[in-house]
Every structure is written in C-alpha cells, then in structure tokens.
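# An overview of the molecular structure
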Amino acid sequence: MRDAEFRFDTYPEILDALRHPDLSRSLDKRSFAEGNPRAGILSLLHGDEHKMRRRMENALFQRQALVRYERDLFPGVLSEVLDRGEAGRTDLFELAGALSVVLAARRTGIDHDGTAEQLAELFGYVTVIAQAAAIFDVVGDRDRVQRETIEVLERFDERYVRPSRRHRERILDAIAAGEPDREAPHDLLTMALRRLRAEDDTFADHGLLVREAGLFLHGGSHTSAQTVCNVFYHLFGLPDDQQRSWLRRVADDLLAAQQCVHETVRLRPPNPELRRLAELDAEVAGVPIRQGSRIVLDIRTANRDPALFGARPGAFDPDREIADGIPLWGLSFGVGAHICIGRSVAGGLPLTGRTLRAGVPAAHLYGLVALMVQAIAARGVAPDAERPPELDRRTTRGTRWLRFPVLLPGGAPARMSP
Ligand code: HEM
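Now for a description of the structure that goes with this document. (Residues numbered from 1 in each chain as written. Predicted model: local features only at pLDDT ≥ 70, side-chain atom pairs only at ≥ 80, totals over all residues. Heavy atoms only, no water.)

### Quick look at the coordination of the iron atom of the ligand
Looking at the protein side alone, the iron atom of the ligand has one donor only, Cys340 (SG), at 2.3 Å. Mapping Cys340 onto the fold places it in the loop between helix H13 (306-309) and helix H14 (343-347). (Donors = N, O, S within 2.8 Å, 3.2 Å for Na, K, Ca; no water. Helix = DSSP H or I, 4+ residues; strand = E, 2+ residues; numbered from the N terminus.)

Right, dumping it as structure tokens:
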C-alpha cells in the first residue's frame, strides 16, 4: 500500500478511476461556515447523496429541453446579438460568455433584464466562481479566492437569486390557487421550490440553493465560453489555406463546427486534470491505494492515445479517424457518476468513429458551442493582429483565456432577451 498522491494518465486507467465507487470529488470537506464556497453542491457530493441529487437535476437536461434550447431558443439569441452589433473589435471570451449565460440563467431560473450590463454582471460572477471551481489548480492565495467567491455569491443572492425566488413563489402560489394559464418555468429554482412545498427539504437551506444556482450558472457558461475561444485558437493556428477552408466549412456546416468543438475539447479540455479522493482503501487499475490518498487523472495525456485517436494524436484534425465507440471528445466531459450533466447542452451528442463514418441521424444534437462557433465564423471572425489573446495564468490549467480579442464584422452585444 502506498498513500499520498497518485497520477494516472492512460485512457483505460482513467476510465477505471472515474467508475470507481470509492473515489469521490469531495476533496474539500469543510462546511460553508468554515469557508468552503462550494459546500454541498452536486459536483462535490458522493455516493447515495450524489445519486439522489443527480437524479433530481437530470430532469432539467432531458432531450425535450435540449431540443428546445438548441433549435428554438438559442438561434434567436445568436442572431439577435450578432446581427444587431456594430462591426469591429470584440472580445470573444466576453461575447461567448454573454451568449452562454443567457441560457444558463434560464436553466438556473435567474431572471435578468437582458441588457448587456446585466449579462456582463452575471458572467462576471461566473468568472469568480470559476476560480473557486478550479481551487486545486489556483496559483497563489487560495483562501482569498474562496473569500471572494463567498462575497460574489452574497451579491448574486441579493441581486438575482432572491428576486427570482420571490417571482417563482408567486407563480407557484397562483398555480396552487387554480389561476388559469399559469405555467411554472422549467428551471432549478422552480424545481427546488416545488420540492420544498412537497416536503422534500433538499434545498431547505437557502444558502445551498444559492451555491447550487452558482454551480449551474458557472457550469453552463464558463467552459462553453472558454471552448469557443479554444476552437478559434486552433483554427487561427492553422496554415492560411487550411484556416480559410476550415472557417468556410464551419460557417456552412454545423457538423463541421461540432467536429471542431469535439476535437478542441479533446486537445484542450477546460479541466485537464480531474481529481479524486480515496474515501476507502481501493484498487485503481491494479494499483492499491490507501484511504485518504489523492488521485490526479491527466486526461489531456490520455486524450492523445494514438491507438484511439490515430497517428498524430496531438494535431488539430477534426476529420481524424477514431476508434469505433470512442467519443471524439475523449474524456473531456468525464465518465461515470460525475459525467458532465451539461455535456449534451454544450457538445450535443457524441461523435464516435462509427457516427462519423455513417453520418449523423436527423435526431442528432450539435450543442450550443457548435452553434456559437458556426454563427461567429459565418460573420467573418478574424484574429486581431494588434492584440493577441491572453491566457489566464491564475490557474495552472493552461486552457483558459483571460481575453481573446478578435475582429468581428458582425459586432458585439448590446441587449439580449432573457
Ligand atoms: C465544453 C463544455 C464543458 C466541458 C468540457 C465540461 C466538462 C466537465 C467535466 C470534465 C465534468 C466532470 C468532472 C469530474 O468528473 O471531475 C463536468 C461536470 C459537470 N458539469 Fe460540465 N462541462 C461543460 C459544460 C457544462 C455545461 C453546459 C453545464 C451545465 C449546463 C455543465 C455542468 C456540469 C455540472 C453541474 C457538473 C457536475 C456533475 C456531477 O458532479 O454530477 N457543464 N463537466
């Protein structure tokens, strides 16, 4: 038996670790009162408690809702923003953040007035929460990051969660009183309030509901916005002729946009190292691991396995041939109990060797990131030669951007419908 820290970096080892019932994501077991801004949220729960919360929240990600986001709601949001904007310089991270946060807020149940100011404010909260979500990769003062996140959650609660909660309480009261034509929204807040009325006390602690809403807002927008930047980082890095032809293909063909998104998350996962804690003595990929040990799963390396992803696994090649049954996005959305709950929202349905050869069926979903990438490419996005993108070095992840200036003839956002 060894203890301390273990690293795994091959595909099969990581699959084994992610499916292991005794490895948890609960690396920080402190309560909120002890300074943990993420205490009790879905992604930190383990075992039966996680299973129950996950089952409840999966209801917000059913196919019907995904189809509605992708086919009915998001195209309108995209054209409203991009068609109306003025031509010129813009920051792709802010733009993709504002676009993603519209639907993330809707799914969470956060009301806003649709102005660029409020969307920027919400996405500003997201960028702080994102630091706390990456706490083990933060460079520098982690306590300060956690204190800032608690302050942001307080502001988020006061300005958005409480008013949105009151609004939903009124809707539920009206429905209970039999008022005709009242329909409850399909979102996290409404779901939590309905359960409270049915004497399920999961979210009896309002503070926990605020933290869960923060997780939903952040999970639903930050990684998506970072991935839009990462896609264009790859496309702009291609030789000129390939760059032109890929930008044209992406603008014309949503499947090509989706292939670029999946190839990008494979190579530049927003979270390149997943972490686990051994809750009990365990064996992972044949290695005995003592209770209390920490495990680091290097998915960036595993996603470059030539047996699965072809001879030049580190090259950006969205048309690459991959093994049957392996998703082009590799392990970047996780696997097992904690597999990304929003993967179909962001990435659509997986593309495997088989689906890429056979062609996707009519029921296929492309994901909101591909929709953003396509719309931005169709408006003639180009690198801003005077202002290079700036990596976010506040964490060691290396796949996050602080700023991603581009030239966008279609322009920047002014106001979006909630
Ligand atoms: C490109 C986009 C995205 C990527 C690459 C991504 C990646 C991931 C990964 C790797 C995990 C699992 C982490 C682990 O096992 O340690 C995860 C979990 C999670 N993701 Fe995503 N994600 C993305 C988009 C989204 C979206 C759009 C949402 C919400 C709508 C979301 C919400 C969540 C939540 C709530 C969890 C925790 C699930 C649980 O613990 O049961 N993510 N994500």
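### With respect to the sheet that holds strand E1 (residues 5-8)
Working definition: the strands of a sheet are paired by backbone hydrogen bonds and lie parallel or antiparallel to each other. The strand order across the open sheet built from four strands is E1-E7-E4-E2, with neighbouring strands paired in mixed fashion. The sheet is open, and its two edges are formed by E1 and strand E2 (23-24), each paired on a single side. As paired elements, E1 and strand E7 (residues 294-298) share four bridges and run parallel to each other. Counterpart to Arg7 in the pairing with E7 is Val296. With respect to the sheet, helix H1 (residues 11-18) is in contact with E1, E2, strand E4 (273-278) and E7, its orientation differing from that of E7 by roughly 135 degrees. (Pairing = 2+ DSSP bridges. Contact = heavy atoms within 4.5 Å. Axes fitted to C-alpha atoms, helices over the stretch in contact; angles between N-to-C directions.)

### A few points about the packing of aromatic side chains
Given two aromatic rings, one states the distance between the centres and the angle between the planes to describe the pair. Counted by the stated rule, this structure contains nine aromatic pairs. Note on Phe232 and Phe236: the rings are 5.7 Å apart at their centroids and 45 degrees apart in plane angle, and the pair reads as tilted. Here the residue Phe232 and the residue Phe236 both occupy positions in helix H9 (residues 222-236), the gap between them amounting to four residues, near one helical turn. The exposure class of Phe232 is buried, given its relative accessible area of 0%. Seen from their ring centres, Trp329 and Phe333 are 4.5 Å apart, and the 70 degrees between their planes marks the pair as edge-to-face. Both residues of the pair, Trp329 and Phe333, count as buried. Linked through ring pairs, Tyr125, Phe156 and Tyr160 together constitute an aromatic cluster. Above the ring of Phe309, the side-chain terminus of Arg266 is found at 5.0 Å from the ring centroid. Positioned over the ring face of Tyr233 is Arg268, at 4.4 Å from the centre of the ring. (Phe/Tyr/Trp six-rings, centres within 6.5 Å; stacked < 30°, edge-to-face > 60°. Buried < 20%, exposed > 50% of the residue type's maximum accessible area, 1.4 Å probe, protein only. Lys NZ or Arg CZ within 6 Å of the ring centre and 35° of its normal.)

### Section: unusual backbone geometry
We note that Asp181 has phi near 60 degrees; this positive angle belongs to a residue other than glycine. Looking at the element boundaries, Asp181 is found in the loop between helix H6 (142-176) and helix H7 (188-197). In this structure, Ala285 takes a positive phi of about 50 degrees despite not being glycine. On the secondary structure map, Ala285 appears in the loop between strand E5 (282-284) and strand E6 (287-289). Residue Ala285 is classed as partly exposed on the basis of its relative accessible area, which comes to 36%.

### Points about H1
Every buried residue of H1 is accounted for by Tyr11, Ile14, Ala17 and Leu18. Viewed end-on, H1 has its buried residues packed into an arc of 125 degrees, placing them on one side of the element. (Arc of directions from axis to C-beta.)

### What to know about the sheet that holds strand E8 (residues 382-383)
With antiparallel pairing, three strands are arranged side by side in an open sheet as E3-E11-E8. Lying at the two open borders of the sheet, with one neighbouring strand each, are strand E3 (88-91) and E8. As paired elements, E3 and strand E11 (residues 405-408) share four bridges and run antiparallel to each other. Among the inter-strand pairings, Arg89 is bridged to a residue of E11, identified as Leu407.

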